[in-house]
Amino acid sequence: MLRITRMHTAASFCARTMSTRVSLSGVFPPIPTPFDSSEELDLAKLRGNMSIWKKKPYLGYTVLGSNGEFQYLSLAEKCKLVETVREEDTEKIIIGGAGAESTKLTIECVSEIAKAGATTALIYTPCFYKGSMSGAAFKEHFTRVADASPIPVILYNVPGNTGLDMPVPVIADLAAHENVIGVKESGGSVVRIGQIAHLTTGKDFQILAGSASFMKASYSVGAVGAVAALANVMGDEVCKLHDQLVSGVDESLELQYRLIAPNTAVTAQFGIAGLKYVCDAVGLYGGPSRSPIQPLSGEQKGALSKIMADVGITCL
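Residues numbered from 1 in each chain as written. Predicted model: local features only at pLDDT ≥ 70, side-chain atom pairs only at ≥ 80, totals over all residues. Heavy atoms only, no water.

### Overview of the overall build of the protein
Assigned secondary structure in the protein consists of 13 helices and eight strands. Whereas a compact globule of 316 residues would reach a radius of gyration of roughly 20 Å, the protein reaches 18 Å, a difference of no more than 12%. Here the C-alpha coordinates of the protein stretch approximately 50 × 50 × 40 Å along the principal axes. For the protein, the residues scored as buried account for 55% of the 316 residues in total. Carbon and sulfur atoms make up 56% of the accessible area of the protein, which totals about 13000 Å². In the protein, the 28 positive side-chain charges and the 30 negative ones have mean positions that sit 2 Å from each other. (Helix = DSSP H or I, 4+ residues; strand = E, 2+ residues; numbered from the N terminus. Rg over C-alpha atoms; globule rule 2.2 N^0.38 Å. Buried < 20%, exposed > 50% of the residue type's maximum accessible area, 1.4 Å probe, protein only. Areas by Shrake-Rupley, 256 points an atom, 1.4 Å probe, with all protein chains shown as cover. Lys, Arg positive; Asp, Glu negative; His and termini not counted. Charge placed at Lys NZ, Arg CZ, Asp CG, Glu CD.)

### Side note on the packing of helix α12 (residues 271–281) against helix α13 (residues 298–309)
At a closest axis distance of 11 Å, the pairing of α12 and α13 adopts a crossing angle of 60°. It follows from the interaxial angle that α12 and α13 lie oblique. Crossing angle aside, the handedness with which α12 passes α13 is right-handed. In this structure, α12 contributes Gly 274, Tyr 277 and Val 278 to the contact, and α13 contributes Lys 301, Leu 304, Ser 305 and Met 308. Looking at the contact of α12 with α13 residue by residue, the classes come out as four nonpolar, two polar and one charged. (Axes fitted to C-alpha atoms, helices over the stretch in contact; angles between N-to-C directions. Parallel < 35°, antiparallel > 145°, perpendicular 65-115°, else oblique. Left-handed = near helix turned anticlockwise from the far one by under 90°. Contact = heavy atoms within 4.5 Å. Nonpolar A, V, L, I, M, F, W, Y, C, P; charged D, E, K, R; others polar.)

### Let's talk about unusual backbone geometry
Cis rather than trans, the peptide bond between Ser 291 and Pro 292 has omega equal to 15°. By the secondary structure assignment, Pro 292 is in the loop between α12 and α13. One non-glycine residue, Leu 64, lies in positive phi territory at about 70°. Looking at the element boundaries, Leu 64 is found in the loop between β2 (60–63) and α3 (75–88).

### So, the pairing of strand β6 (residues 180–185)
Burial analysis of β6 places six of its six residues in the buried class, the great majority of the element. The sheet contact formed by strand β5 (residues 153–157) and β6 spans five bridges and is parallel. What sits directly across from Ile 154, in β6, is Gly 182. Examined bridge by bridge, β6 and strand β7 (residues 206–209) share four bridges and lie parallel to one another. Its bridge partner lying in β7, Gly 182 is registered against Gln 206. Crossover connection from β6 via helix α8 (residues 190–199) to parallel β7: handedness right-handed. (Pairing = 2+ DSSP bridges. Right-handed = clockwise from strand over helix to strand, strands pointing away.)

Next comes the structure, spelled out in structure tokens:
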């Protein structure tokens, strides 16, 4: 019965995405994956979080992103997470992380998360065999994935995790593929984002800023939306910044400045454990991460709490 539900959900969303272009102009929180004390999926806690998140003005959600510990999940667990989010919110876009180290496994993962209800697939650059990951290898990988995918594909450039930057000319070439609709750029180089925007002009290709810290700069050179970890816990503020940026409101610089420190705290500075700690503080469920990610030390909690207190969030 569960399989039938997934197939039905996928059919309706595939039909929708094939008939209309998916707009990425908005904010997508990369939601953390909830685990219980035994490091098993806690779908009840996910449903509880969704009851809060779905009231926020997000355009959608990123499920199985880097903040979702997707590398620590089985394919079955990935599908359960996407399916649960889709059951809790039947309307908003789900960007589903579906990357893997081989093209074959990536295609299989994309197919399954599409059945579970994902609207688009977010595919990172394979990186374990770095010496073999040439521009030609990336182009073949993503072309084959996009050819096979039943849902639109978003490229994912995240050099902080992979140690690789996909060459900008390769991204520009892939932008011509009818099933490649955009790229999530998490490296933070505004020059690079501007180059991509320039080289993909006229290709109906969308750029997502991969952080709330550089949204204003990214939008100024062509980004249209953001996948921002901070949006999990400061969703109203991150969505307000997006609205200000797309409407040209002068106060956007002040808000951008305000979001830099807390965004850095729940990403590069304290990582997934830090994001989950703040989730717990704001009434969401953060909980533990899967090993080997360690919980924050007392000293780290104190430092993070001080940063969040400056933006009105009490953690202690």
